[in-house]
Amino acid sequence: MSSFAARAGVAALEFMCDRRRFPIRPYPSWPGSLLPAVDVPELAAPGARVPAAATNSAVAPASGATAARSSTLLRCAALLGLAGGLVACGAEPSPPALIVITIDTLRADHVGTYGYFRDTTPRLDEFADQALVFDQAFSGMATTLPAHTSLFTGLAPLEHGVLANTTRAAGGSAFRSSGDVRLFAEMAHDAGWETSAFVSATPLEEHCGLAEGFDVYAAPEGFERLGEETVDLALAELARPVRGPRLLWLHLYDPHADYSPPAGFDLFETDAEFERWLTERAIPDSVLDRGRRFHTRSAINRYNGEVRYADAQVGRFLDALRASSWWDSAAVVIVADHGEGLGQHDWRQHGGIFREQLQVPLIVRFPGEGGPRGRTAVPTELRDVLATVLLRLDPALAEPFAAQATGIDVLAGPVVPRALVGQRTGRDLGSEIGPLYALTNDQWRFHHRPDEGDALFARDADPHELANLLEQRPEVADELRGELLRILGEQRTLAEQLGFGDASRASLDESILSELEALGYTEE
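So, a few notes on the structure that sits alongside this text.

A complete count under the given rule lists 12 aromatic pairs for this structure. Consider the rings of Phe184 and Phe401, whose centres lie 6.1 Å apart with planes at 90°: the pair is edge-to-face. Remark: Phe401 occurs in helix H14 (residues 395–404) and Phe184 occurs in helix H8 (residues 184–190); sequence separation between them is 217 residues. One Lys or Arg, Arg375, reaches over the ring of Tyr114 and ends 5.8 Å from the middle of that ring.

Structurally, Asp135 can be placed in the loop between strand E2 (132–134) and strand E3 (137–138). On the accessibility criterion, Asp135 (11% relative accessible area) is buried.

Among all positions in helix H10 (residues 272–280), only Phe274, Trp277 and Leu278 are buried. Seen along its axis, H10 keeps its buried residues to an arc of 95°; they face one direction. For H10, the exposed residues lying more than 90 degrees away from the buried face are Ala272 and Thr279. On its buried side, H10 packs onto helix H11 (296–323). The backbone nitrogen of Glu273 lies 3.3 Å from a side-chain oxygen of the residue at the head of H10, namely Asp271. Of the residues trailing H10, Ala282 is marked for its positive phi of about 55°.

All right, on to the pairing of strand E8 (residues 292–295) then. Bridge count between strand E7 (residues 286–289) and E8: 4 bridges; the pairing is antiparallel. For Val287, the partnering residue across the bridge sits in E8 and is Phe294. Here E7 folds back onto E8, and the loop between the two strands holds 2 residues, one of which, Arg290, carries a positive phi near 50°.

In this section: empty space enclosed by the protein. Of the voids in this model, the second largest cavity is the one considered here, and its volume is about 100 Å³. As for the second largest cavity, its lining consists of 14 residues, of which Gly140, Ala156, Pro157, Glu381 and Val421 are closest to the centre. Broken down by secondary-structure element, the contributors of at least two residues to the lining of the second largest cavity are helix H7 (157–160) and strand E13 (420–423). Ranked by residues supplied to the lining of the second largest cavity, first place goes to E13 with 3 residues. Taken together, the residues of the lining of the second largest cavity sort by class into 6 nonpolar, 6 polar and 2 charged.

With that settled, consider the sheet that holds strand E10 (residues 362–365). With mixed pairing, 8 strands are arranged side by side in an open sheet as E5-E4-E6-E1-E9-E10-E2-E11. What marks the edges here is a single partner per strand, and that holds for strand E5 (216–218) and strand E11 (374–376). Here the average twist between neighbouring strands, direction ignored, is 10°. Pairing geometry for strand E1 (residues 97–103) and strand E6 (residues 246–252), over 7 bridges, is parallel. Bridge pairing links Thr102 to His251 in E6. On top of the sheet, helix H9 (residues 227–239) reaches strand E4 (194–198), E5 and E6; it is set at about 170° to E6, its chief contact. H11 contacts E1, E6 and strand E9 (330–336) of the sheet and is inclined by roughly 170° relative to E1.

For the rest of this paragraph, the subject is the pairing of E13. Residues Leu420 and Gly422 point to one face of E13 and Val421 and Gln423 to the other, with burial holding for every one of them. Inspection of the sheet shows E13 paired to strand E14 (residues 437–440) by 4 bridges, in the antiparallel sense. From the neighbouring strand, Gln423 faces E14, where its bridge partner is Tyr437.

Okay, H9 next. Since the α-helix advances by 3.6 residues per turn, residues separated by three or four positions end up pointing in the same direction. The end-to-end C-alpha distance of H9 is 18 Å, a good match for the 18 Å that 13 residues give at a rise of 1.5 Å each. The set of residues buried in H9 consists of Gly227, Thr230, Val231, Leu233, Ala234, Leu235, Ala236, Glu237, Leu238 and Ala239.

Turning our attention to the nonpolar core. Counting 104 residues, the largest nonpolar core has Leu98, Tyr217, Trp249 and Phe317 as its most contacted members. Sorting elements by how many residues they give to this core places H11 first, with 9 residues. Apart from the residues within four sequence positions on either side, Trp249 is in contact with Val100, Thr102, His148, Phe152, Ser196, Ala197, Phe198, Val199, Leu204, Leu210, Phe214 and Tyr217. One finds Leu439, Leu456, Leu480 and Ile487 within the second-largest nonpolar core, a separate group that totals 15 residues.

So, about the packing of H10 against H11. Packing of H10 against H11 brings their axes to within 12 Å, and their N-to-C directions diverge by 110°. With respect to H11, the axis of H10 lies roughly perpendicular. Residues Phe274, Glu275, Trp277 and Leu278 of H10 form the contact with H11, whose participating residues are Arg297, Ile300 and Asn301. Per-class residue counts for the contact of H10 with H11 are 4 nonpolar, 1 polar and 2 charged.

Parameters at a glance
Residues numbered from 1 in each chain as written. Predicted model: local features only at pLDDT ≥ 70, side-chain atom pairs only at ≥ 80, totals over all residues. Heavy atoms only, no water. Phe/Tyr/Trp six-rings, centres within 6.5 Å; stacked < 30°, edge-to-face > 60°. Helix = DSSP H or I, 4+ residues; strand = E, 2+ residues; numbered from the N terminus. Lys NZ or Arg CZ within 6 Å of the ring centre and 35° of its normal. Buried < 20%, exposed > 50% of the residue type's maximum accessible area, 1.4 Å probe, protein only. Arc of directions from axis to C-beta. Contact = heavy atoms within 4.5 Å. Polar contact = N/O pair within 3.5 Å; in protein donor to acceptor, adjacent residues only side chain to side chain. Pairing = 2+ DSSP bridges. 1 Å grid on protein atoms, 1.4 Å probe; cavity = no way out; pocket = protein on both sides within 12 Å on 5 of 7 lines; lining within 4 Å. Points joined across faces, edges and corners; volume = space filled by probe spheres on them. Nonpolar A, V, L, I, M, F, W, Y, C, P; charged D, E, K, R; others polar. Axes fitted to C-alpha atoms, helices over the stretch in contact; angles between N-to-C directions. Expected span 1.5 Å × (residues − 1). Core = buried A, V, L, I, M, F, W, Y, C linked by side-chain atoms within 4.5 Å. Parallel < 35°, antiparallel > 145°, perpendicular 65-115°, else oblique.

Below, the structure is given as structure tokens:
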């Protein structure tokens, strides 16, 4: 069958699926072949498991409108086999697709491929065997909206100015697109991509600002919804015939507190191996959080059940994607926005700067058979993700994104020593702890805590950050403090240039502002 006939068949299916509700925009041509895969530094063999110690080492349905749409989409799904057969007969390659799956509050060290001893993530582990696993990926802030804003703008939290969720309790501000800073979805939409998003909780509802550029933005009516409900909507959208490139974002919220695994997923109990795991991290029996006693063992068991449930939902989506015509041409990104305290360092949830809250799992499957596979220890931030993926998916669309992003293509060449910066959430945590900042390099993690005193941890010898070496190595702390202030100053200057200076300034401790002013970074 000719490619013309294939396109005609797909067009007919689109009409049958109600084009008035789902208009199909013209789309530009796409590259007939993908960029050659680059050599990835420091890769381990595909499918290799990393022991826990190595993982922690240094670098080595819905509203009426939504329900109606879902019904229409599901009718379209029944025609998918016909559409796939028609397209398969044509000569044209499938257009590129970017599938982004974000799992809220998923600690990297609770994922099997990152060394966790429990079988919490069999589907993610299976996916990792066919993908590139980033062993040293970090969020710039352990809060949902700021982290996702970094992912989709390529900017650090201090640069884009979104420093808390927009819920009433958190008191943060929404992202506002401008001529200088736009979301990737806006760029993709303007380039003719079909764009859809399916989110599972209030922090990412439309008012947060991340809906710009999405043709479909499906959020829950209440505070949150189960992952299977969100995945059902995303599967219906995936089955809808699309002629051109597409962006699909799926967000799952299940591992977030309070931990209540659905029936059939409360699978984990305390045993001797779990006790050893707790002891290695000096996790206490319980912590006091806003007047409530948080019992760590039962909470982590339930958290692991939620993780296993989210993993199953991701698996459902990946099964459908693999069976579709999009699998070979899609880049698939699976990443967490941040981790979770779970009682470690006396933190129940997240928002702080300890490693367990900022380090995230990041697994990417690049399109085609020649894409990078295995593992890499290259230092990576959330703002680097799209800058890295787009160059190997759609170079033309990568260009405008790279022009605004401070994130980099981390696979572009040899590993260059690089310091990563994280900061405490801008939301109210109900405590007297002031703003906190962390710098991570290949040897050290440095915490700048103006109200409590700084801390220095050796990454290889002390992966769980239990022994403060500040007094033993003051010269290292001084050097890292200077590096941290330099990076904060550069981010603060860019925020001013982009019009986000007020939010950026408000997030900085007065002592930090004074230090930056002395270095010439702050304008008063």
